[in-house]
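This is what each chain is made of:
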Amino acid sequence: MRTTAGIPVARRVGGFVYAIRNIVNEARKVEASGRKVRYLNIGDPITFGFKTPPHLIEAVQRAMRDGHNGYAPSVGILPAREAVAGELSRRGMPASPDRVIITSGTSEGIELTLTALAEGGDEVLVPAPTYPLYTAVLAKIGARPAFYRTDPSRGWLPDVDHIRSLITPATRALVVIDPNNPTGATYPGDVRRALIDLADTHNIPLLADEVYGDLAYAGPVPPIASLAPDAPIISFSSLSKAYLAPGWRAGWMAVGRTDRLDDVLAGVKKLADGRLCSTAPMEYAIPAALNGDRSHEAGFRAALAERAALTVSRLNAIPGMHTVAPSAAFYAMPHVSLPAGVTDEDYVLALLRETGILCVHGSGFATRPEDGFFRVVFLAPPEELAGIYDDIAAFTGDFLARGGSAAS
Ligand SMILES: Cc1ncc(COP(=O)(O)O)c(C=O)c1O
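What counts, and at which threshold
Residues numbered from 1 in each chain as written. Predicted model: local features only at pLDDT ≥ 70, side-chain atom pairs only at ≥ 80, totals over all residues. Helix = DSSP H or I, 4+ residues; strand = E, 2+ residues; numbered from the N terminus. Rg over C-alpha atoms; globule rule 2.2 N^0.38 Å. Buried ≥ 20, exposed ≤ 12 C-beta atoms within 10 Å, placed from the backbone. Contact = placed C-beta atoms within 7 Å. Near = placed C-beta within 6 Å. Nonpolar A, V, L, I, M, F, W, Y, C, P; charged D, E, K, R; others polar. Pairing = 2+ DSSP bridges. Domains from an automatic or database assignment.

Draft legend 1. Structural context of the overall build of the chain. Scanning the chain from terminus to terminus reveals 15 helices and 15 strands. Relative to its length of 408 residues, the chain is compact, with a C-alpha radius of gyration of 21 Å against a globular reference of 22 Å. Structurally, the chain occupies a C-alpha span of about 60 × 60 × 50 Å along its principal axes. Looking at the chain as a whole, 48% of its 408 residues are labelled buried. Counted over contacts in the chain with a minimum sequence separation of 6, partners at least 24 positions apart contribute 73%.

Draft legend 2. Region of the structure containing the site of the ligand. Around the ligand, the surrounding shell holds 13 residues, and the nearest of these are Gly-105, Thr-106, Ser-107, Ser-238 and Ser-240. Of the residues in the shell around the ligand, the class split is four nonpolar, eight polar and one charged.

Draft legend 3. Molecular detail of the pairing of strand E15 (residues 374-377). Residues Phe-374 and Val-376 of E15 are buried on one face, and the alternating residues Arg-375 and Val-377, pointing to the opposite face, are buried as well. In the sheet, strand E11 (residues 331-332) pairs with E15 via two bridges, with the strands oriented antiparallel. From the neighbouring strand, Tyr-331 faces E15, where its bridge partner is Val-377. Of the pairings in the sheet, the one linking strand E14 (residues 360-361) to E15 comprises two bridges and is antiparallel in character. Along E15, the bridge assignment pairs His-361 with Phe-374.

Draft legend 4. Broad picture of the sheet that holds E11. With respect to topology, three strands assemble into an open sheet ordered E11-E15-E14, the strand pairing being antiparallel. Each edge of the sheet is formed by a strand with only one pairing partner; in this case those strands are E11 and E14.

Draft legend 5. Geometry of the domain arrangement of the chain. Taken domain by domain, the chain consists of domain 1 (12-51 + 295-401) and domain 2 (54-291). Measuring from the centre of the C-alpha atoms in domain 1 to the corresponding centre in domain 2 gives 26 Å. Taken together, the contact pairs 34 residues of domain 1 with 30 residues of domain 2. Of all elements in the fold, only helix H1 (12-15), helix H2 (19-22), helix H13 (295-316) and E11 reach the threshold of two or more residues within the side of domain 1 that touches domain 2. With five residues, H13 is the single largest residue contributor to the side of domain 1 that touches domain 2. Residue composition of the side of domain 1 that touches domain 2, by class: 21 nonpolar, seven polar and six charged.

Here it is, written out as structure tokens:
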């Protein structure tokens, strides 16, 4: 018991919500009651048995043995920046090493860039649903998300007219997550061009989260900037997903070549100085990944496509549930027809408590609680997933039959 009052935290902590991990507290309580929890909340391929390619591990080990254990330059080591610039240039986004910054994952690039671009009262166009880091960082810096619709009846594509209607003098950036988490959508060329056009004509930087770019089942997606190399586009990615090394926190951002982005680049570099550098030995894995053997990727994509097909067929067979087929990554965003007054979180928490299956409610990604979406991570082996979907089917039938009330 506390003897004196607890020490208060800053108000901004209350606005910093990252549901994907926050919901784990509920799972721990379920585990404490003796029930095994199946974690389908975090998109980490390693926890489901996928392996980091050995040549990346060797590159990091070699870097450590060779004594690269001091601080790196704050923008990152030159071979890593050259590798990123080379990779993006090969894929159609002309990039130079002096416009690349090596970051602690995609996440740090996003945080540095939003911090450089927006402040109190500013707005950033963010998709709904969104990967929640965007809203969390905006809450931290006192800026506001302006949510634009992505439409499940059109394969979760962004509603470009809606985005246009949200642009105001306070708009500082347009976030585009393609391929998308949480929906698994990839955007066709005409949608990508329309998004670029908005950014270009309104002179708003397009922040392209391309961390799943190599994980479209049909093959790698080119960076969006390849369609318009002179538009104000910043591309973000990392070794976390396609290169199976999420714990290394090895990522990068590449600032488009237009001089309209020069001040933003300088601002991000200034902020990056303050955090010294990303993890130095892991930076050596970036050239190994981008210039080396990528034979693991085709197998990983095939494994994901198989799991996606299983997920769609099994979830769409459940009465009251429908999911749009993902075309990339390892997420699906099913819809469940909830009774009036029942929220997505009620559904997800009841699912957790009654079956031990942990998913994340759609409102954790900024859909409306009454809309009834939740996100599934489908990285588990197919036979395990099949059992999980049996349990979700049995639970959902029961939950809907009792009108969404707690189990008796
Ligand atoms: C869309 C999106 N962006 C960024 C990240 C963070 O990735 P990183 O590990 O590179 O920071 C994730 C992780 O799940 C993600 O889904």
